[in-house]
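# Architecture and fold: a report
This is what each chain is made of:
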Amino acid sequence: MALYIGLMSGTSLDGVDGALADFDGTAVHTLAAAYLPFPPALRAELMALQAAGHNEIEREALAANQLAACYARCVADLLAQASLAPSAVHAVAVHGQTIRHRPELGFTRQTNNPALLAELCGIDVIADFRSRDIAAGGQGAPLVPAFHQALFGLAGQARVVANIGGISNISVLHGDGRVTGFDTGPGNVLMDGWINRHQGKEYDADGAWAASGTAIAPLLQAMLAEPFFALPAPKSTGRDLFHLHWLDAHLASFPNAAPADVQATLTQLTAVTLAQAIQRYGAQADAVYVCGGGACNGTLLRMLAAALDGKVNVASTDALGVAPNRVEALAFAWLGYRYTERLAGNLPAVTGAAGERVLGALYPH
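As annotated in an unreviewed UniProt entry, the protein carries the name Anhydro-N-acetylmuramic acid kinase and comes from Rugamonas fusca. Per UniProt, the comment on the protein under Sequence similarities (unreviewed entry) is "Belongs to the anhydro-N-acetylmuramic acid kinase family." Of the protein, the UniProt comment under Catalytic activity (unreviewed entry) reads exactly: "1,6-anhydro-N-acetyl-beta-muramate + ATP + H2O = N-acetyl-D-muramate 6-phosphate + ADP + H(+)".

See below:
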């Protein structure tokens, strides 16, 4: 057995998803999965660190220590579920928490303290997966398409895997071994921010609030004019672009918009930008399989199916035997395995890097 733990905390900033997996060279076997929500104070600090602020270097370092402690608790949960000792696991592969993503300036920043995590867990830690791709001229994101191909690819069948976290991205599995993909724009980030502002909730459960409203067509068209959407692939984005200040700038022209109607419009924005990307690059896919938190939003999935004119089947990755909230954590466990085997983890056709690169940095326990 080759046992790896993958830990993912994404742009939704809700908590840590963990997965313990066995890689036998031909398949991925999930042995345990766990989710640990962030303490409110840590979530608030990670949110604040998304923008420049007072004393942010020290604040980031302290938040990284707290984050490592959260990761360690998630690891302990996984080990307890599987009744395993730390020595049974080859490595913990951890994404870290993105607080800046500026590939056009040559850097990305995933805050983390992998050295502390190695101390707390007694397991080797592999971290910092995105920097090597950016150093090679790539976007550093998305990194999951290679794993999507390994897990969901089927010879002769074109499929799209849509990962809807805070930001959305697609992996186009062409059926002939080729894989393309890129970030399409906001996933849950604007929807979550808007409902938090108006109702104090972390997310719109099943899209119920959005379903109670009506999308505002002129507002949707104004947001769709954002230049990012027209950029050719490869491309990636994050909270550096899509945040509530971006939304507020658009809402200035719609002062009387009802909050529920804005939520419906934001849900439509995610659906339409995904659909446009799939229609442009999706290689006439037979189906779209959705993972990430967005897979739990029934309103969003219905809007996505409608935006695709009902011509493509839309389902969650449950239909392929993998729970949608486990896919990204499994992807980083797989990237940890690739690092150990000194195999490339990036796809230049996806990120735009100069070539394949082994991704990650090792912190032995």
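## Considerations on the sheet that holds strand β12 (residues 313-316)
Taken together, the five strands give an open sheet; going across it, the order is β10-β9-β8-β11-β12, and neighbouring strands pair in mixed fashion. For this open sheet the edge positions go to β10 (179-186) and β12, each flanked by a neighbour on one side alone. Pairs of neighbouring strands in the sheet enclose a mean axial angle of 20 degrees, with direction left out of account. Where strand β9 (residues 167-173) lies against β10, seven bridges are found, and the strand directions are antiparallel. Bridging from a neighbouring strand, Asn 169 pairs with Asp 183 of β10.

## Thoughts on the nonpolar core
Soluble globular proteins tend to pack their nonpolar side chains together in the buried interior. Grouped together as the largest cluster of nonpolar side chains are 45 residues, with contacts concentrated most on Ile 170, Leu 266, Leu 269, Val 288, Val 290, Leu 304 and Leu 308. Sort the elements by how many residues they give to this core and helix α11 (residues 259-281) lands first, with 10 residues. Grouped together as the second largest cluster of nonpolar side chains are 32 residues, Ala 72, Leu 79, Val 92 and Leu 117 included.

## Looking at the packing of aromatic side chains
If you walk through the whole model with that rule in mind, you get 10 aromatic pairs. A centroid spacing of 5.6 Å and a plane angle of 70 degrees characterise the contact between Phe 129 and Phe 332, whose relative ring orientation is edge-to-face. Of the two residues, Phe 129 is situated in the loop between β7 (125-127) and α4 (131-135) and Phe 332 in helix α13 (residues 327-340); the sequence distance between them amounts to 203 residues. Note on accessibility: Phe 129 and Phe 332 belong to one class, buried. Within the aromatic cluster, the residues linked to one another by ring pairs are Phe 228, Phe 229, Phe 242 and Trp 246.

## Section: the sheet that holds strand β2 (residues 15-23)
One open sheet holds the six strands; their spatial order is β3-β2-β1-β4-β7-β13, and the pairing between them is mixed. Strands at the two margins of the open sheet, each flanked by one partner only, are β3 (28-37) and β13 (361-363). Here the strands of the sheet are splayed against their neighbours by 20 degrees on average, with no regard to which way each runs. Bridge count between β7 and β13: three bridges; the pairing is antiparallel. Residue pairing in the sheet places Val 125 in a bridge with Tyr 363 of β13. Against the sheet, helix α2 (residues 56-82) engages β1 (3-8), β2, β3 and β4 (91-94), with an angle of about 135 degrees to β3.

Here is what the cut-offs are and how they apply
- Residues numbered from 1 in each chain as written.
- Predicted model: local features only at pLDDT ≥ 70, side-chain atom pairs only at ≥ 80, totals over all residues.
- Heavy atoms only, no water.
- UniProt positions renumbered as here; feature names shortened; annotations may be inferred.
- Pairing = 2+ DSSP bridges.
- Helix = DSSP H or I, 4+ residues; strand = E, 2+ residues; numbered from the N terminus.
- Axes fitted to C-alpha atoms, helices over the stretch in contact; angles between N-to-C directions.
- Core = buried A, V, L, I, M, F, W, Y, C linked by side-chain atoms within 4.5 Å.
- Buried < 20%, exposed > 50% of the residue type's maximum accessible area, 1.4 Å probe, protein only.
- Phe/Tyr/Trp six-rings, centres within 6.5 Å; stacked < 30°, edge-to-face > 60°.
- Contact = heavy atoms within 4.5 Å.

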